[in-house]
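Spelled out from the first residue to the last, the chains are:
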Amino acid sequence: MKKRVLSLKKMWLSAVLLLVLFLAATATAQKQYSLKLLAVQENADGSQTGSGADLYLELKKGTGRVFLDTFPATKIDTQISTRFAKEIACHFYKLSCDKYDFIYTIKAESNIIGGPSAGAAIAALTAIAILDLDYSQDIAITGTINSGGIIGPVGGVKEKLEAASRLGLDTVLVAKGTASPPDDKDFSEVNASGLNASELNASEQFINLTHYAKENLSLAVIEVSDLDEIMLHLTGEQLNHKEVVIEENQEYTEIMGGLQNLLCQRIDKIESELKKEGITVNESILQRVREQQSKSINASKEGDFYSAASYCFTANIMLRTSYYQEKKPSLNTLWNRFSKLEQDVEALDNDISKEPIETISDLQTYIIVKERLDDVREQIAKFKELQRDPEQEFYGILSYAEERYFSAQAWMKFFSMNGKKLLLDKEHLQQSCRQKISEAEERQQYVSLYISEFEAGSIRERIGSAIDADKEGEYELCLIKAIQAKGDANAIMSVMGVRKDVLAEVLDSKIMAVKRVIAENSAEGKFPILGYSYYRYATSLKEKESLTALIYLEYAMEMSDLSLYFPEEKTFLQRISERIFITEDMWWGFVVGAAGSLILSQIFLRRKKKKKLSK
């Protein structure tokens with residue numbers, strides 16, 4: 001009986017010791033990271049005053065979830081921008097963020113204006129925490145964080161600098177091109193964002209903020225382009241300094257080259273039709289067609305087949321419109337053509353619904369075909385709405401719709417491309433669609449503070465189209481509409497308050513960021529066919545159409561980074577491990593527990609041997 005009692009006591013003691021060892025193994029000291037934030041608050045008279053806030057971040061073992069506490073309560077867009085900034089940092093530096101939960105806290109003395117202006121600081125603090133780097137807390141950052149780690153300008157910079165001075169900070173990092181005006185201080189022309197200088201904060205437009213901060217606030221102001229530069233100033237570490245080289249996918253080159261040939265050969269085909277019908281094209285129209293052909297030839301020589309195809313597409317519309325203007329088809333004939341086109345669109349839409357979507361190239365092919373078909377439907381709806389008005393000109397609408405449909409057919413060839421398989425099921429597509437809508441809405445809300453209702457309206461319209469597509473379960477179409485809305489807003493944010501003389505530098509920074517994202521995804525077998533196409537087109541427009549180039553760079557950035565939302569297909573063992581849900585801490589607990597059990601059993605065995613020997 002006594003032996004049984006002793007045995008039970010030993011078992012209880014062993015269990016208690018194992019529990020203590022397990023808790024000791026799983027308990028980890030939590031470290032808190034913090035940075036000063038700069039914000040603005042609205043006064044009763046409508047003016048703004050700079051204020052400070054504190055950003056804290058605590059990491060806990062988890063699965064990548066984001067939690068945000070704000071004191072006082074803040075707007076919903078701050079929650080959206082926090083999640084987005086965290087994702088950018090994790091993706092930008094290839095961090096293992098799915099091992100942690102992120103607990104962010106923002107504490108301010110009073111209500112502050114919400115928005116993404118803390119995005120750059122949140123992204124930087126996230127990278128610092130994951131990498132556990134030493135950093136300076138005497139530096140503050142004010143700026144948005146955009147895809148590719150690009151830092152975007154924000155409003156109220158002068159007021160924020162004054163707040164930084166009151167807080168005793170040494171340095172403030174701001175977006176490139178926002179700290180000082182050009183020497184001639186000429187703001188009479190409309191800037192690159194389409195805004196008049198009078199529509200922007202005049203105090204920031206006409207004051208050299210670098211000099212103002214140095215002479216009046218004892219504060220250093222440094223312009224930065226991307227997250228790497230911020231990290232260098234905060235930590236002294238150069239985290240991304242390798243040369244960026246894009247290796248163009250050979251399959252892409254061959255398919256896009258064939259697509260370009262199809263579109264460019266249509267010029268000769270349409271001209272043959274015109275000649276056969278005895279139709280002479282207006283000399284000015286013909287000259288514009290030849291200009292597009294010349295651009296296409298030059299782009300092809302440089303291997304830029306997407307741009308070449310785009311130039312031929314424009315030329316085809318010009319020629320097709322000239323054909324209809326000369327033929328003057330009746331309203332009944334036009335109706336029949338649009339009806340036939342409507343049937344063709346539905347047939348092609350049915351065809352693409354049967355295509356398996358497994359890779360990024362599959363997804364982007366589906367997106368671009370779907371977008372073109374949706375565009376054709378819009379032209380058909382426009383015709384139906386206006387066709388009772390005999391004064392309306394329908395030839396351009398029909399020409400554009402027909403060429404857009406032909407382009408959709410041509411892009412179908414990209415379904416043959418190979419690539420790494422990702423989880424592109426309806427659930428992930430829906431999540432990515434809604435995430436993009438949230439990001440676009442957050443950007444739209446912010447830029448609406450600084451641009452006219454008319455300019456903001458076009459962005460809201462695209463967001464509305466994305467929401468409609470989401471409701472209809474058209475998640476791929478939702479993605480492209482939301483991406484375009486976000487890209488338009490980002491383009492405005494990228495140049496809002498930026499000096500004209502540094503616009504080229506902003507474009508160069510954006511080009512480098514896009515190149516890096518494309519290069520990284522390509523190396524991983526996730527070549528972004530549409531992102532790369534937009535990138536090449538933007539670089540071709542850079543010199544003469546800088547704003548259009550900037551917009552396409554934003555589209556390229558978003559389309560090149562879609563893998564951010566779609567994880568790779570997991571192996572059988574990975575799926576089993578996820579179902580069992582054994583965390584790293586649990587593994588360590590098991591290991592320590594097993595070791596402790598082994599040690600205890602050895603101690604008890606030795607004691608037992610000693611007792612036997614003593615007898």
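Structure report, in brief. (Residues numbered from 1 in each chain as written. Predicted model: local features only at pLDDT ≥ 70, side-chain atom pairs only at ≥ 80, totals over all residues. Heavy atoms only, no water.)

What follows covers helix H9 (residues 283–301). The end-to-end C-alpha distance of H9, which contains 19 residues, comes to 27 Å, matching closely the 27 Å that a straight helix rising 1.5 Å per residue would cover. All buried positions along H9 are accounted for by Ile285, Val289, Gln292, Ser296 and Ala299. Down the axis of H9, the sector holding all buried residues measures 85 degrees, keeping them to one side. The exposed residues of H9 that point more than 90 degrees off its buried face are Glu283 and Lys301. Looking at the buried residues of H9, the elements they touch are helix H8 (250–276) and helix H10 (305–327). At the exit of H9 stands glycine 303, carrying a positive phi of roughly 75 degrees. (Helix = DSSP H or I, 4+ residues; strand = E, 2+ residues; numbered from the N terminus. Expected span 1.5 Å × (residues − 1). Buried < 20%, exposed > 50% of the residue type's maximum accessible area, 1.4 Å probe, protein only. Arc of directions from axis to C-beta. Contact = heavy atoms within 4.5 Å.)

What follows covers the pattern of salt bridges. Two side chains bearing opposite charge may form a pair once their charged atoms approach each other closely. Evaluated as defined, the whole model comprises 37 salt bridges. Of the charged contacts in the structure, one is a salt bridge between arginine 320 and glutamate 403, with a shortest N-O distance of 3.7 Å. Here the residue arginine 320 occupies a position in helix H10, and glutamate 403 occupies one in helix H13 (residues 395–411), the gap between them amounting to 83 residues. For arginine 320, a relative accessible area of 9% corresponds to the buried category. The salt bridge partner of lysine 526 is glutamate 524, with a shortest N-O separation of 2.8 Å. Residue classification places lysine 526 among the buried residues on the basis of a relative accessible area of 9%. Taken together, the shared-partner salt bridges connect Arg266, Glu273, Arg320, Arg337, Glu402 and Glu403 into one network. (Salt bridge = Lys/Arg side-chain N within 4 Å of Asp/Glu carboxyl O.)

It is worth spelling out the nonpolar core at this point. Most often, soluble globular proteins keep nonpolar side chains buried together rather than apart. Membership of the largest hydrophobic core comes to 173 residues, with the highest contact counts inside it found for Leu161, Ile230, Tyr252, Trp411, Phe414, Tyr535 and Leu562. Ranked by the residues each element gives to this core, the list is headed by helix H16 (residues 475–495), at 13 residues. Those residues in contact with tryptophan 411 that sit more than four places away from it in its chain are Met256, Leu259, Tyr306, Thr365, Ile368, Val369, Arg372, Ile529, Leu530 and Ser533. (Core = buried A, V, L, I, M, F, W, Y, C linked by side-chain atoms within 4.5 Å.)

Turning our attention to the pairing of strand S8 (residues 171–175). Every other side chain in a regular strand lies on the same face of the sheet, so the side chains alternate between the two faces. With 5 of 5 residues buried, S8 is to be regarded as a mostly interior element. Summarising the sheet, strand S5 (residues 139–142) and S8 pair through 4 bridges and their orientation is parallel. Across the sheet, alanine 140 pairs through a bridge with valine 172, a residue of S8. (Pairing = 2+ DSSP bridges.)

Where two aromatic rings form a pair, the distance of their centres and the angle of their planes describe that pair. Using the criterion set out here, one finds 21 aromatic pairs in the structure. Ring centres 5.9 Å apart and planes at 80 degrees place the aromatic pair tyrosine 306 and tyrosine 537 in the edge-to-face group. Residue tyrosine 306 is found in helix H10, and its partner tyrosine 537 is found in helix H18 (residues 529–541); the two are separated by 231 residues along the sequence. Classification of tyrosine 306 by relative accessible area gives buried; the value is 8%. Ring geometry for phenylalanine 338 and phenylalanine 383: centres 4.1 Å apart, planes at 20 degrees, overall stacked. On the criterion of sequence distance, the pair formed by phenylalanine 338 in helix H11 (residues 331–353) and phenylalanine 383 in helix H12 (residues 360–386) is long-range, its members being 45 residues apart. On the basis of relative accessibility, which here comes to 0%, the residue phenylalanine 383 falls in the buried class. Taken together, the aromatic side chains of Tyr252, Tyr306, Tyr311, Trp411, Phe414, Phe527, Tyr532, Tyr534, Tyr535, Tyr537, Tyr552 and Tyr555 make up a single cluster linked through ring pairs. For the cation-ring pair, arginine 266 lies above phenylalanine 406, with the distance from its terminal atom to the ring centre recorded as 4.0 Å. (Phe/Tyr/Trp six-rings, centres within 6.5 Å; stacked < 30°, edge-to-face > 60°. Lys NZ or Arg CZ within 6 Å of the ring centre and 35° of its normal.)

Two quantities define a packed helix pair, namely the angle between the helix axes and the distance between the axes. At their nearest, the axes of H10 and H13 sit 8 Å apart, and the two run at 145 degrees to each other. H13 is crossed by H10, and the crossing has right-handed handedness. Along the contact surface, H10 presents Tyr306, Phe313, Asn316, Ile317, Arg320, Thr321, Tyr324 and Gln325, while H13 presents Tyr395, Gly396, Leu398, Ser399, Tyr400, Glu402, Glu403, Arg404 and Trp411. Looking at the contact of H10 with H13 residue by residue, the classes come out as 8 nonpolar, 5 polar and 4 charged. (Axes fitted to C-alpha atoms, helices over the stretch in contact; angles between N-to-C directions. Left-handed = near helix turned anticlockwise from the far one by under 90°. Nonpolar A, V, L, I, M, F, W, Y, C, P; charged D, E, K, R; others polar.)

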